[in-house]
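Examination of the molecular architecture
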Amino acid sequence: MNDELSNPDIPVPDELQSTVTITSLDKIYNWGRRSSIWPMVFGLACCAIEMICTAASRFDIARFGMEVFRATPRQADLMIVSGTVTKKMVPQIVRLFNQMPEPKYVMAMGACASGGGPFKEGYNVVSGIDKFVPVDVYVPGCPPTPQALLHGLMKLQEKIDGQSLKSVRWYGQEASEAVPVPVLGPDLLDPRQHALLAQQAGQMPVNVDIEKDL
Amino acid sequence: MYGIGIIKGMGVTIKHLIDSFVDDMRFLGRRYYSDESLNIRQGTEGRGVFTVQYPDEKLPVPEQFRFIPFLLYETDDDGNKTDRCTSCGICAKVCPPQCIWIERSSDPETGRPIPAPTNFFIDIDICMNCGYCAEYCPFDAIKMDHDYELASYDRTEAHIFDKERLDKPVEYYASIRPNDYLVEENARAEEAAKKAAKKEAAAAKKAAKLAAKQASEQAAAD
Amino acid sequence: MVEKNGTEKEQDFNNPDNEVTSDHIIERFNGDISADTRDGYQGYIVSPDRFHEVAKVFRDELGYDYLSSVTGVDYIDDDHIEVVYHADKIVGGEGINFKVQVNRENPVVPTLVPIYPGADFQEREVFDMYGVHFEGHPNLRRILMWDGFDGYPLRKDWKEAYYEEDVKPFDTRWPGGQVKRSEADSPYGKNVSYPPDFDIDNWSPETDDSLYESLQKTDPKGKSLQTDSIVVNIGPQHPSTHGVFRMVVALDGETITDLQPVMGYLHRNHEKIGERNTFLQNMPYTDRLDYLASMGNNFGYALAVEKLMGVEVPERAQYIRVLMAELTRIANHMWAIGFLLNDLGAFQTPALYAIRARELILDVFEATAGSRMMCNYMRFGGLARDFPSQMRGEDTIKFIDDLVNNRLPQAIDELDHFLTENEIVRSRCIGVGVLSAEKAIAYSTAGPLLRASGVSYDLRRVDSYGIYDRFDFQIPTRSNGDVYDRYLIRVDEMRESAKICQQVMRDIPSEGEIFTGKPQYNFRVPAGESYGRVENPKGELGYYVVSNGKANPYRYHVRAPSFVNLTVLGELCKGHKVADAVVILGSIDIVLGEVDR
């Protein structure tokens with residue numbers, strides 16, 4: 001069996017070294033998950049091209065067991081948000097995230113998905129997908145090269161390695177709640193901010209006031 | 001006959017398969033896990049398997065490769081660090097997404113600006129790696145890095161690079177971009193020589209003028 | 001400084017039999033049309049009252065049968081919005097531009113869709129961005145933003161939530177730069193702002209019902225088999241839509257009765273940001289338009305601004321520009337073919353071979369320009385830098401020589417061998433999505449889509465730019481206009497591009513400047529308008545730039561080939577099976593960065 005699986009904390013008698021490996025349940029559980037992360041077929045912009053290149057022959061994501069890109073969120077473990085998140089697109093992204101079964105991971109690939117990127121000032125751009133869904137790994141770059149993306153995926157593997165069956169949220173008592181899906185109004189409306197919106201409806205600073213604030 | 005096209009197409013696939021074995025045999029062990037092997041696989045002679053075994057081997061980035069910028073400092077013999085940056089602000093002005101913030105130092109007594117930055121920030125969640133800051137910096141003080149392995153679990157603090165995070169020694173720059181470094185150093189040396197020559201010439205001229213003046217005064221006195 | 005208005009002279013030259021000249025037109029529509037006499041501008045200003053008549057004369061009597069671009073400009077100081085049209089002759093020759101000026105409060109312009117169907121989406125974009133109402137437009141709704149969005153973003157007095165200053169550079173960056181994320185200033189912590197009278201409790205979102213109802217459905221009466229019409233949304237998250245693109249399809253069984261593209265899911269506000277940037281700062285943004293062909297985007301923008309500035313490009317730089325543009329074309333077509341095959345169901349294998357060939361080209365870009373995709377390589381008056389001395393342990397020139405003479409032609413031949421005669425490819429592609437030459441012109445399609453329909457229109461020939469006139473190459477055309485011909489035309493074009501690259505490597509001067517003058521970051525551009533265009537892999541990529549003599553463009557518009565090519569998508573898909581819609585979309589070859597901008 002795999003070397004990385006053997007647990008050094010539990011001694012194995014010398015005569016059994018070659019036949020028996022002792023591992024912990026956590027280790028084998030995480031080993032299985034980290035070696036078969038299935039990403040969703042989900043490309044947004046420029047970064048998606050680099051993501052496809054990562055999956056192609058030169059960088060070959062299959063070496064990490066991640067080549068099984070799933071077109072449906074129901075079968076995917078990982079959502080790579082690869083590109084600029086726009087206000088018009090964000091309701092769909094949140095819905096896709098909600099449709100993914102636990103355990104699920106989100107990776108923000110590139111500057112745009114992390115924090116808005118060069119288009120941050122634009123009126124239709126969301127400044128970071130982490131404003132709506134929890135992000136596990138951020139990969140900076142514009143766009144990150146395929147090797148940078150692979151590095152990010154390895155970081156995600158490290159994160160999975162650090163998780164324990166005892167504490168993971170998806171076996172806990174409470175089911176994880178779905179993220180409320182944003183609505184497109186005169187501008188993007190986040191249902192979680194309904195109270196704030198209702199309260200500020202009257203005295204909400206208009207664009208011009210924001211300008212003054214700056 | 002129906003199907004000939006498909007069979008012909010499969011021939012191409014089989015050729016690719018065979019190519020990979022032929023090439024493995026041609027280069028024997030030299031095809032993997034060494035710097036030379038990457039050039040063999042990715043260069044003009046490359047046939048067969050094309051994959052880079054990241055992270056065991058990394059495809060070297062070319063010298064011109066641009067990733068997040070960094071600042072250069074020089075270390076003198078006593079170990080003192082001096083920034084090359086004079087906080088002239090050109091990089092902040094030319095930056096297309098405006099992701100650079102510079103705080104210029106000022107003399108605490110007179111309040112006059114000093115040509116050095118107190119603080120220097122780059123928000124790497126905005127940076128588009130265009131390389132303009134490095135291209136238009138007149139002091140060669142900001143350059144584009146080669147380090148792309150920056151993935152992190154958090155961005156709130158970690159993705160705003162401050163001066164401490166951005167500072168890297170000139171030697172590092174010389175190691176990632178040796179050719180650019182040489183060209184720039186030569187230009188700087190030339191510039192310095194020119195400046196020195198000019199200074200000398202000016203001094204000589206001044207001395208000559210003084211001498212002439214003295215001579216004329218002498219003559220007048222006579 | 002600005003190119004001379006050559007339309008009058010060129011008229012007689014191209015149409016010796018045609019006696020109608022522009023002077024006659026001005027005379028005939030006495031008062032309703034006049035020459036644009038502003039400094040640095042050209043073309044005509046037409047009054048909205050007789051706009052239809054004038055446009056018909058332009059098309060039928062003067063021969064401007066191809067409407068390439070429609071856009072708007074908000075001249076807020078003069079209190080009018082100007083809608084700018086660029087039209088060309090499909091036989092070649094210089095184009096014409098004409099403008100309609102309307103007031104800002106109630107802008108109404110007659111639609112040109114009945115005369116030039118290609119104006120459809122572009123007029124919708126002007127409506128979306130400027131609020132210009134196109135009277136008589138069959139489907140005037142927002143196209144890039146969503147219905148119900150507040151305001152017209154490209155108007156000069158409209159400000160977004162993260163608005164800082166009118167033009168870059170911002171004062172807060174230097175000398176007292178204190179880093180601050182823009183969301184810190186928003187009460188919502190997000191990039192949002194709402195109208196002052198917005199009341200969330202008495203508000204309901206707009207639905208897509210009107211869109212679904214507008215689709216043409218079959219009449220269930222009178223058919224032997226009773227079938228229901230259903231509406232299916234393909235996208236915006238769909239593996240085969242090449243990004244975040246949505247097709248709303250009305251189906252009768254499996255047959256498409258109507259198809260409406262819905263876009264804007266990647267609308268990144270290029271033009272609003274572009275008007276705030278300086279001219280130079282726009283260059284890296286152009287990379288992110290058609291991100292599969294960034295060198296071509298750079299080229300077009302550089303040409304547009306160079307026209308205004310009147311700078312010359314050194315010889316060696318000209319050659320390198322052509323080399324890069326043609327390598328881009330090969331890389332792009334490789335990608336297009338690979339993913340067309342993916343759409344056909346040949347999952348991955350052809351795409352992998354195509355991507356491999358593309359990677360070799362990206363290596364050249366990375367070594368010279370510094371980035372695989374976002375090249376940011378061209379400057380006004382030349383290039384950013386010359387070739388490096390070494391690549392992958394070899395001499396760069398040798399490496400590129402080998403690439404364009406051996407490896408790329410081999411890869412193209414191999415792809416051809418692999419796919420062209422494949423029976424499945426043939427049966428899925430031949431006769432699917434047929435576009436006639438007349439329709440292709442009327443719908444303003446460009447690039448391979450147009451040439452596969454038998455129209456030999458390529459800007460490298462009809463409006464030659466750079467040094468393309470020095471090279472020996474063909475403009476391949478095909479006659480059937482179906483998906484298969486669009487595939488073949490891409491293979492043909494790759495061969496021609498390889499040929500051009502070989503000639504470049506043969507003729508390029510081994511030494512020489514690559515930039516005219518001293519690189520400057522801060523310069524002004526003479527006032528005027530300019531329309532610079534290149535034949536990008538996907539078709540005519542045009543940049544309409546208006547300068548008012550400052551360092552920032554007053555208007556920066558991109559005529560994106562993918563966007564305009566999509567106008568015809570609905571027409572192409574009608575009557576085909578739903579599985580073919582995906583293939584037809586693949587054969588048009590769109591990139592969403594450019595469609596939505």
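Residues numbered from 1 in each chain as written. Chains lettered and ligands numbered in written order. Predicted model: local features only at pLDDT ≥ 70, side-chain atom pairs only at ≥ 80, totals over all residues. Heavy atoms only, no water.

1. Describing the nonpolar core
- C:Phe58, C:Tyr85, C:Phe98, C:Tyr291 and C:Leu569 are the most contacted members of the largest nonpolar core, which has 231 residues in total.
- Looking at which element gives the most residues to this core, the answer is helix H9 (residues 315–344) of chain C, with 17 residues.
- Those residues in contact with C:Leu569 that sit more than four places away from it in its chain are C:Phe245, C:Met247, C:Leu259, C:Pro261, C:Ile584, C:Leu585 and C:Ile588.
- With 54 residues, the next largest nonpolar core counts A:Tyr105, A:Val137, B:Leu38 and B:Leu71 among its residues. (Core = buried A, V, L, I, M, F, W, Y, C linked by side-chain atoms within 4.5 Å. Buried < 20%, exposed > 50% of the residue type's maximum accessible area, 1.4 Å probe, protein only. Helix = DSSP H or I, 4+ residues; strand = E, 2+ residues; numbered from the N terminus. Contact = heavy atoms within 4.5 Å.)

2. So, the sheet that holds strand S17 (residues 553–559) of chain C
Residue and element names in this part refer to chain C.
- Ordered by their spatial adjacency, three strands build an open sheet running S15-S16-S17, and the pairing between neighbours is antiparallel. Sheet topology places strand S15 (528–536) and S17 at the edges, where each strand pairs with a single neighbour. Ignoring which end each strand starts from, the neighbouring axes of this sheet average 15 degrees apart.
- Of the strand pairs in this sheet, strand S16 (residues 539–547) and S17 are connected by six bridges, and their pairing is antiparallel. Opposite Gly 542, over in S17, you have Arg 559 as the bridge partner.
- Where helix H8 (residues 294–309) meets the sheet, it contacts S15, S16 and S17, and its direction lies at approximately 150 degrees from that of S15. (Pairing = 2+ DSSP bridges. Axes fitted to C-alpha atoms, helices over the stretch in contact; angles between N-to-C directions.)

3. Structural notes on the interface of chain C and chain B
- Facing 55 residues of chain C, the contacting portion of chain B comprises 56 residues.
- Notably, a salt bridge pairs B:Glu135 with C:Arg379, separated by 2.6 Å at the nearest N-O pair.
- Counting the contacts that link chain C with chain B gives 30 residue pairs in polar contact (both at pLDDT 80 or more).
- Among the secondary structure elements, those contributing two or more residues to the side of chain C that touches chain B are helix H7 (282–287), helix H10 (349–369), helix H11 (396–419) and helix H12 (423–429) of chain C.
- Here the residues of the side of chain C that touches chain B sort into 21 nonpolar, 16 polar and 18 charged. (Salt bridge = Lys/Arg side-chain N within 4 Å of Asp/Glu carboxyl O. Polar contact = N/O pair within 3.5 Å; in protein donor to acceptor, adjacent residues only side chain to side chain. Nonpolar A, V, L, I, M, F, W, Y, C, P; charged D, E, K, R; others polar.)

4. Comments concerning the confidence of the model for chain A
- On average, residues of chain A score 83 in pLDDT, and 88% of them reach the 70 mark or higher.
- Across residues 204–214 of chain A the pLDDT falls below 50, and counting only partners more than four positions away or on other chains, this stretch makes 17 contacts in the model. (pLDDT = per-residue confidence, 0-100.)

5. Observations concerning the pattern of salt bridges
- On inspection of all chains with the given rule, the structure shows 78 salt bridges over all chains.
- Ionic pairing is found between A:Lys87 and A:Asp187, a salt bridge with its closest N-O pair at 2.8 Å. Of this pair, A:Lys87 sits in the loop between strand S1 (78–82) and helix H3 (90–99) while A:Asp187 sits in the loop between strand S4 (183–184) and strand S5 (188–189), and the two are 100 residues apart along the sequence.
- Look at A:Lys87 and you get buried, because its relative accessible area is 2%.
- Between A:Glu121 and C:Arg276 there is a salt bridge, with the nearest N and O atoms lying 2.4 Å from each other. Placement of the pair is A:Glu121 in the loop between helix H4 (110–115) and strand S3 (137–139) and C:Arg276 in helix H6 (residues 270–276), with the two residues belonging to separate chains. Across the pair, C:Arg276 and A:Glu121 agree in class, each one buried.

6. Some thoughts on the packing of aromatic side chains
- Considering all chains together, one arrives at 34 aromatic pairs over all chains under this definition.
- With a centroid separation of 6.3 Å and 85 degrees between ring planes, the pair formed by B:Phe65 and B:Tyr148 is classed as edge-to-face. Placement of B:Phe65 in the loop between helix H2 (35–42) and strand S1 (67–75) and of B:Tyr148 in the loop between strand S5 (142–145) and strand S6 (160–161) is noted, with a sequence separation of 83 residues between them. For the pair formed by B:Phe65 and B:Tyr148, the shared burial category is buried.
- Relative to C:Phe98, the ring of C:Tyr85 has its centre 5.3 Å away and its plane inclined at 10 degrees; by these criteria the two rings are stacked. Note that C:Tyr85 is positioned in strand S4 (residues 80–88) and C:Phe98 in strand S5 (residues 96–103), a separation of 13 residues in sequence. The same class applies to C:Tyr85 and to C:Phe98, which are both buried.
- Against the face of B:Phe70 rests B:Lys168, its NZ or CZ located 5.6 Å from the ring centre.
- Stacked on the ring of C:Tyr554, the Lys or Arg C:Lys156 has its end atom at 4.2 Å from the ring centre. (Phe/Tyr/Trp six-rings, centres within 6.5 Å; stacked < 30°, edge-to-face > 60°. Lys NZ or Arg CZ within 6 Å of the ring centre and 35° of its normal.)

7. Considerations on the sheet that holds S6(B)
Residues and elements named next belong to chain B.
- Overall, antiparallel pairing links the three strands, which are arranged S3-S4-S6 in an open sheet. The outermost strands of the open sheet, each flanked by one partner alone, are strand S3 (100–106) and S6.
- As paired elements, strand S4 (residues 113–123) and S6 share two bridges and run antiparallel to each other. Bridge assignment links Asp 123 to a residue of S6, and that residue is Ile 160.

8. Quick notes on a negative patch on the surface
Residue and element names in this part refer to chain C.
- Where like charges cluster on the molecular surface, the negative patch consists of Asp 77, Asp 78, Asp 79 and Glu 105.
- With respect to the helices and strands, Glu 105 occurs in the loop between S5 and strand S6 (108–110).
- The class of Glu 105 is exposed, set by a relative accessible area of 61%. (Patch = residues over 30% accessible without salt bridge, like charges linked within 9 Å, V, L, I, M, F, W, Y side chains within 5 Å. Areas by Shrake-Rupley, 256 points an atom, 1.4 Å probe, with all protein chains shown as cover. Lys, Arg positive; Asp, Glu negative; His and termini not counted. Charge placed at Lys NZ, Arg CZ, Asp CG, Glu CD.)

9. Quick word on the interface of chain A and chain C
- Contacts between the two partners involve 61 residues from chain A, matched on the other side by 72 residues from chain C.
- Summing both sides of the interface, chain A and chain C together bury roughly 6,300 Å²; the carbon and sulfur share of this comes to 62%.
- Of all residues in chain A, A:Lys88, A:Glu121 and A:Tyr123 give up the largest surface area on contact with chain C, accounting jointly for 15% of the area buried on that side.
- The interface formed by chain A and chain C holds eight salt bridges in total.
- Counting only elements with at least two residues in the side of chain A that touches chain C, the list comes to helix H2 (46–55), H3, S4, S5, helix H6 (194–200) and helix H7 (207–213) of chain A.
- Among the residues making up the side of chain A that touches chain C, the classes are represented as 36 nonpolar, 15 polar and 10 charged. (Buried area = accessible area lost by both parts, 1.4 Å probe.)

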